[in-house]
Amino acid sequence: MDNGGGRTRGILLAGGTGSRLWPATRAVSKQLIPVYDKPMVYYPLATLISSGIREIVIITTPEESGQFQRLLGNGHQWGIELRYAVQPRPEGIAQAFLIAEEFLAGGPAALILGDNLFHGVDLRPFVELCDGLSGGRIFGYPVTDPTAFGVVEFDDLGRVLSIEEKPARPRSRYAVPGFYLYDSEVVPIARAIGRSARGEYEITAVNEEYLRRGALQVTVLGTGTAWLDTGTVADLVRAQEYVRAIDTGQGTKVGCVEEAAWRAGFIDDDQLRELAAPLLRSDYGSYLLRLLHAGDRVGPREQLLTALD
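Residues numbered from 1 in each chain as written. Predicted model: local features only at pLDDT ≥ 70, side-chain atom pairs only at ≥ 80, totals over all residues. Heavy atoms only, no water.

Caption draft 1: Up close: the overall build of the protein chain. Check the secondary structure of the protein chain and you find 12 helices and 14 strands. Its C-alpha radius of gyration of 19 Å places the protein chain within 12% of the 19 Å reference for a compact globule of 309 residues. Summarising its shape, the C-alpha atoms of the protein chain cover approximately 50 × 50 × 40 Å along the three principal directions. Residues counted as buried form 51% of the 309 residues belonging to the protein chain. Across the protein chain, contacts joining residues at least 24 apart in sequence account for 74% of those joining residues at least 6 apart. For the protein chain, the accessible area works out to roughly 14,300 Å², and carbon and sulfur atoms hold 50% of it. (Helix = DSSP H or I, 4+ residues; strand = E, 2+ residues; numbered from the N terminus. Rg over C-alpha atoms; globule rule 2.2 N^0.38 Å. Buried < 20%, exposed > 50% of the residue type's maximum accessible area, 1.4 Å probe, protein only. Contact = heavy atoms within 4.5 Å. Areas by Shrake-Rupley, 256 points an atom, 1.4 Å probe, with all protein chains shown as cover.)

Structure, rendered in structure tokens:
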């Protein structure tokens with residue numbers, strides 16, 4: 001398999017023990033827990049699809065791989081290609097690049113964490129830039145307590161000045177969300193940094209190496225963007241409430257994989273109708289049919305841009 005250093009492929013990291021959500025995750029993967037009306041993994045998967053990525057590897061624990069495959073299949077129903085790999089032990093985010101090395105086949109990578117939810121941001125332009133990217137791109141999101149996250153400091157031109165992991169005295173209020181874009185150098189970089197003192201392949205160390213090379217950019221996710229990390233019980237409840245508020249208040253669904261594939265042009269109207277058919281006893285299936293009846297294949301952002309032209 002040769003990617004020819006070309007089209008960006010996606011990695012969805014859905015491993016880990018979910019220990020911060022015990023006992024709820026003692027018998028089921030954290031990323032399979034429902035966030036309002038759909039499994040958590042749907043949200044990052046929909047983000048990758050909305051970004052125009054059609055080839056994705058899902059990395060899980062060995063025990064839970066079969067559950068993900070039963071839920072998601074090979075992805076062909078959504079016009080994408082899903083593959084699966086396992087992370088035997090949770091040894092850091094950057095280990096995902098070593099696990100996915102054969103899948104990436106020398107091309108650029110987009111990595112998203114399986115417990116991260118994004119809404120209101122169009123990441124597709126950045127993924128398209130990644131196809132010819134030299135270096136890496138991370139994102140910044142303003143938070144009230146940066147000490148709980150990786151924190152990025154940058155100048156007015158978007159050049160990264162420093163990155164710190166959970167600093168006691170943050171140099172900015174911008175956390176680094178779990179969506180990362182890198183060129184083909186990310187695999188050798190991840191291998192070269194090796195394990196940290198705590199025995200993990202640290203994503204911050206990867207970013208620091210790109211920074212040392214002068215090849216790391218940051219993009220701030222602006223007003224109207226939502227980023228939710230569902231790693232704790234409180235965070236999970238907050239995400240549930242957010243998704244429910246959007247659903248009931250605006251009549252739109254966050255993290256709908258079928259809708260993402262349809263809007264991306266990966267499936268057509270007939271395929272969307274076929275996907276909706278077995279789900280019609282739920283509001284989810286009815287929502288998919290409402291999309292067809294509304295005839296609004298373009299999303300809200302594209303509608304706004306069209307209106308402004």
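Caption draft 2: Geometry of the side chain of N207. Structurally, N207 can be placed in helix α7 (residues 203-212). Given a relative accessible area of 2%, N207 falls into the buried group.

Caption draft 3: Structural context of the packing of helix α6 (residues 186-193) against α7. For the pair α6 and α7, interaxial distance at closest approach is 10 Å and the crossing angle is 115°. With respect to their mutual orientation, α6 and α7 come out roughly perpendicular. Crossing of α6 against α7: the hand is right-handed. Contacts between α6 and α7 involve V186, I189, A190 and I193 on the former and, on the latter, A205, V206, E209 and Y210. A class-by-class count of the residues in the contact of α6 with α7 yields seven nonpolar, no polar and one charged. (Axes fitted to C-alpha atoms, helices over the stretch in contact; angles between N-to-C directions. Parallel < 35°, antiparallel > 145°, perpendicular 65-115°, else oblique. Left-handed = near helix turned anticlockwise from the far one by under 90°. Nonpolar A, V, L, I, M, F, W, Y, C, P; charged D, E, K, R; others polar.)

Caption draft 4: Spotlight on the packing of aromatic side chains. Per the stated rule, a full pass over the model turns up 10 aromatic pairs. Plain terms: the ring middles of F126 and F139 are 5.4 Å apart, the flat faces sit at 80° to each other, and that makes the pair edge-to-face. Taken together, the positions of F126 in helix α5 (residues 124-130) and F139 in strand β8 (residues 136-142) put the pair 13 residues apart, joining distant regions of the chain. Across the pair, F139 and F126 agree in class, each one buried. Here Y180 and Y182 contribute two aromatic rings whose centre-to-centre distance is 6.4 Å and whose plane-to-plane angle is 10°, an arrangement assigned as stacked. Both residues of the pair, Y180 and Y182, count as buried. Members of the aromatic cluster, each reached through a chain of ring pairs, are F97, Y180, Y182 and Y210. The ring of F103 is capped by R9, whose NZ or CZ atom sits 5.6 Å from the centre of that ring. Sitting over the ring of F266, R54 keeps its end group 4.1 Å from the ring centre. (Phe/Tyr/Trp six-rings, centres within 6.5 Å; stacked < 30°, edge-to-face > 60°. Lys NZ or Arg CZ within 6 Å of the ring centre and 35° of its normal.)

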